[in-house]
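Fold and contact review
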Amino acid sequence: MAAKKQDIIAKLRQDIITWEGFRPIQPGALSNFGLGQLENAFPNQVFPTGAIHEFLSTKPEETSACGGMISGLVGKLLQQGGVCIWVSYTRRIYPPALKLFGVDSDRVIFVDVPRQKDVLWVTEEALKCEGVTAVICETHNFSLMESRRLQLAVEHSQVTGFVLRKDVKAITTTACVARWKVKPVRSKLRPGMPGVGHPRWNVELQRVKNGRTGHWTFEWRNRNFHEVIDQQQLPDLRQYA
Amino acid sequence: MPKRFVSIWFRHLLTDRLAIRNSELKGKAFVFVEVQRGRKVITATTAAAEQYGVVPGMTLTDAKAITPDLLAFDGKPGRNEILLKGLAEWCIRFTPLVAVDLPDGLLLDVTGCTQLRGGERVWLKSLIDRLTEIGYDVRPGMADTIGCAWGIARCAKKGLIVAEGAHRNAIMPLPPSALRLPFDLLLKLQNLGLYSIGSFIHFPKAVLRRRFGKDMVLRLYQALGSEEEFLIPLREPVPYCERLPCLEPIRTRTAIEIALQSLLDNLCKRLYGEGKGLRSAVLTYYRIDGKLGTIEIGTNHATHRSTHLFKLFSLKLDTVAPGLGIELFVLEAPSTDQVSDKQVDLWANKNGTDDEVVAELLDRVAGRIGKETIHRYLPAERFWPERNAEATDDLLKSPQTQWRTNKPRPLQLIVPPEPVEAMARIPDYPPKQFIYKGKKHVIVGADGPDRIEREWWEEQGEHRDYYIVEDEDGGRYWLFRSGHYDPEKQQHWFIHGFFA
């Protein structure tokens, strides 16, 4: 009897996940993003593609770190082909640097919208287009209604959307699958070595639909995410220059 | 099929125009005058003035002596050309090939156009009625050759439509002035007693040439059709063009959409048959009040899919102002490309930027926001950071070189670089701290310098020494010192980007 109850609950959980826009993994679809422990935070233990992810940043340094994280994920997605559309209002992304994150910049189409209010229109059109693999939208304001529209668009087309919010003052409720906050942290080199190491970020999952929140530290090295388990503060032994 | 031409003679072009503008002047005797050699000479008259015997070329004082209440206005040279161009544009609704015939006429190539409106007589009548309604005093002539039509319009008493092949007989009774000849030659013919074309048409060619010059022969044989004459149209006709005249003037959006859809269907069918695709299209609508408007679209990818093109047009249909009604739509495709007819994949395969779906998406974006907002970059073999990536608007162009990955580059670039206050312990050392937008960043790690020289063939200036620096909070920045260290100089340091 108890076992039966458990089965029913497990089945209902699965149903809820499907209703909320998560699809069961397609055979042959990309399932490993190299995110290690972080992937366990998501339902089915897989990074959800075909959904909207929201990234928060308050400073340009964080925007850049978020950009790095998104580029890393998009680079993996683009291995299956397709193009990426980068919609922004005030763009600072430097195309040659994207290759360092595994994205061929010639497969990214930048749409630099002169007016803020057109950003979401372009994003929604792009998300509805099935030839597109990923859409990155750099915006400032993002309301619940707008996020719902985008989420409905991707549920049909299975495009992965990343909304990178810049200069966020207040966190609002959104219909996104996950809310990320990526902050740069000091890189680490071998003790005593001068210079700057590989990009290193503190990745925080503030909200995941049907998943668990948490924070992790990742380093981008050899075109892959590497989880850094050791969370010690850097020793101040490092010499300046 | 023989060609058919129409010549329209505006007998009082300039004065008619003024009377249309200023209805009080209608039917009155007035003239335009221009100052020539210190005298006021009449250049244009009205029909009422001509009844008194006032003709162009007369001085104003002479004319005033005949009719003291004659009104005179200052004329502007070149005015007739502007007017005729406007009228020629207006006439495009009747035939696509219209040419200005200075000083006072229009030439229309109407081959194949007249059947569409119920025959030559009806066609010509509707054109002339419309012009008369506006207020112009016109005389048309229709014939197989330009020369004959011109002469008929100006000199024939009746029979303004010359039947096919009858032009030789039609010009026989006309005076020599129907042949577009210079004035001194006309005088010569007059003195010789050759009052009609019929009196010298049978002269041998050699005799005509010897006595009257080769111009005369050319004009005569052009009128007879044995010498080729070309019409230089006001607007070059586009090879891919569809026209849709409306029976009744239309003004609702639904009706415009139906018209557009049927035009697009016809055009796309033709393009498909020839293996071509459309890159840009212009829809011109002619309103019954004589105004016209256009809407344009462009595509990133040669296409002949009418549904997609309709979508692009429908983004701009709001700008169509039908006014009292639209009577004609013309859809032109000024630029077309070959289409590679790929087999449509059964499985929606995700290709690259050459995917048709993506191209259609970008067309929609370009239609709404503008083509200049869409950027794609290809690697360029250059070191200067601002020119490292080359912008292209071609979606199909593949990169010629690899993206460089051997040097770290910031993910976000500040263009142009912003000045920062930086402090270094020793000149040529990386900075120890810098202040950017009022915030102090203490640097704990730095890489560099990485010197990038300016491209001297492009611009003059100082080199840059780049440093990758990391501050206490983990922010990574790209700083550079412009030129060598110089204690005299105020501004050395700039921030150029943020690393991830």
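For every chain, the first residue of the written sequence is number 1, and numbering continues from 1 onward in sequence order. Both sets of labels track the order of writing: A upward for chains, 1 upward for ligands. For this predicted model, a pLDDT threshold of at least 70 governs which residues receive local features, and a threshold of 80 or more governs which side-chain atom pairs are given and counted, while totals over whole chains, interfaces and linings are taken from all residues. Hydrogen atoms and water are omitted, and side-chain values are computed over all heavy atoms in the structure.

1. A few points about the overall build of chain A
Cut-off, in case you're wondering: Secondary structure elements are defined from DSSP: runs of H or I of at least 4 residues count as helices, runs of E of at least 2 residues count as strands, and each element is numbered from the N terminus. Here the radius of gyration uses the C-alpha set of atoms, whereas the globule reference equals 2.2 Å times the residue count to the power 0.38. Per-residue accessibility, obtained with a 1.4 Å probe over protein chains only, is compared with the maximum for each type, and a residue is labelled buried under 20%, exposed over 50%, and partly exposed between these values. Throughout, a contact is declared for two residues whenever any of their heavy atoms are within 4.5 Å. A 1.4 Å probe and the Shrake-Rupley method give the accessible areas. Residues count as covered only by the protein chains that appear here. All tallies of charge rest on Lys and Arg as positive and Asp and Glu as negative; His and the ends of each chain are not included. The atoms used to mark charge sites are NZ of Lys, CZ of Arg, CG of Asp and CD of Glu.
Assigned secondary structure in chain A consists of 5 helices and 9 strands. Listed N to C, the secondary structure of chain A is α-β-α-β-α-β-α-β-α-β-β-β-β-β in terms of helices and strands. Since a compact globule built from 241 residues should have a radius of gyration of about 18 Å, the 19 Å found for chain A is in line with a globular shape. In terms of its C-alpha atoms, chain A occupies a principal-axis envelope of roughly 65 × 55 × 35 Å. Looking at chain A residue by residue over its 241 residues, the buried ones come to 55%. Within chain A, contacts between residues separated by at least 24 positions form 70% of all contacts whose residues are at least 6 apart in sequence. Per element, the accessible surface of chain A, about 10,700 Å² overall, is 52% carbon and sulfur. Here chain A contributes 32 positively and 23 negatively charged side chains, and the mean placements of these two sets differ by 3 Å.

2. Here we look at the overall build of chain B
Counting its secondary structure elements, chain B contains 13 helices and 20 strands. For 500 residues, the compact-globule estimate of 2.2 N^0.38 gives 23 Å, and the C-alpha radius of gyration of chain B, at 35 Å, exceeds that figure by more than 25%. Considering only C-alpha atoms, chain B reaches an extent of 105 × 70 × 55 Å along its principal axes. Taken over 500 residues, chain B has a buried fraction of 47%. Across chain B, every contact between residues at least 6 apart in sequence was considered, and the portion connecting residues at least 24 apart equals 57%. Carbon and sulfur atoms make up 52% of the accessible area of chain B, which amounts to about 26,000 Å² in all. Across chain B, the mean location of the 68 positive side-chain charges is 7 Å away from that of the 65 negative side-chain charges.

3. Description of the packing of aromatic side chains
Threshold: Working definition: a ring pair exists when centres of Phe, Tyr or Trp rings (six-membered ring for Trp) sit within 6.5 Å. Plane angles under 30 degrees give stacked, over 60 give edge-to-face, the rest tilted. Lysine NZ or arginine CZ positioned within 6 Å of the ring centre and within 35 degrees of the ring normal marks a charge as sitting over the ring.
The full count for this structure, using the stated rule, is 26 aromatic pairs over all chains. Between B:Phe32 and B:Phe73, the ring centres sit 6.3 Å apart and the planes meet at 50°, which makes this aromatic pair tilted. Residue B:Phe32 is found in strand 2 (residues 30–36), and its partner B:Phe73 is found in strand 4 (residues 71–74); the two are separated by 41 residues along the sequence. A residue is classified by how much of its surface remains accessible, and B:Phe32, at 11% relative accessible area, is buried. In this structure, B:Lys205 is placed above the aromatic ring of B:Tyr221, and the distance from its NZ or CZ to the ring centre is 5.1 Å. Directly above the aromatic system of A:Trp121 lies the positively charged group of B:Arg368, at a separation of 4.4 Å from the ring centroid.

4. Considering the environment of B:Thr401
Summarising the element assignment, B:Thr401 is placed in the loop between strand 13 (389–392) and strand 14 (412–419). Other than its neighbours up to four places away in sequence, B:Thr401 contacts B:Pro379 and B:Glu381.

5. Structural notes on the pattern of salt bridges
Residue and element names in this part refer to chain B. As a reminder of what qualifies: Every case where a carboxyl oxygen of Asp or Glu lies within 4 Å of a side-chain nitrogen of Lys or Arg is listed as a salt bridge.
Throughout the structure, instances matching the rule amount to 42 salt bridges over all chains. Arg 382 serves as the salt-bridge partner of Glu 455, at 3.1 Å between the closest nitrogen and oxygen. With Glu 455 in the loop between strand 17 (439–452) and strand 18 (464–471) and Arg 382 in the loop between strand 12 (374–379) and strand 13, the pair connects residues that are 73 residues apart, well separated along the chain. You can call Glu 455 buried: its relative accessible area is 5%. As a salt-bridge pair, Arg 454 and Glu 459 come within 3.2 Å of each other at their nearest N and O atoms. Note on Glu 459: relative accessible area 25%, which makes it partly exposed. Here the salt bridges share partners, and the residues they tie into one network are Arg 382, Arg 387, Arg 454, Glu 455, Glu 458 and Glu 459.

6. Some remarks on the domain arrangement of chain B
Going by this rule: Domain delimitation follows an automatic or database domain assignment.
Under the domain assignment used here, chain B contains domain 1 (1–237), domain 2 (241–338) and domain 3 (412–498). Each of domain 1 of chain B and domain 3 of chain B has a C-alpha centre, and these two points are 76 Å apart.

7. Re the pairing of strand 9 (residues 276–287) of chain B
Residue and element names in this part refer to chain B. To keep it simple, the criterion reads: Two strands pair if DSSP finds at least two bridges between them.
Of all 12 residues making up strand 9, 10 are buried, and the element is well covered by its neighbours. As paired elements, strand 9 and strand 11 (residues 326–338) share 10 bridges and run antiparallel to each other. Note that in strand 11 the partner of Arg 287 across the bridge is Ile 326. Here strand 9 runs beside strand 10 (residues 292–303); their pairing, made up of 8 bridges, is antiparallel. Its bridge partner lying in strand 10, Val 282 is registered against Glu 296. Count of turn residues in the strand 9/strand 10 antiparallel hairpin: 4 residues, of which Gly 290 carries a positive phi of about 90°.

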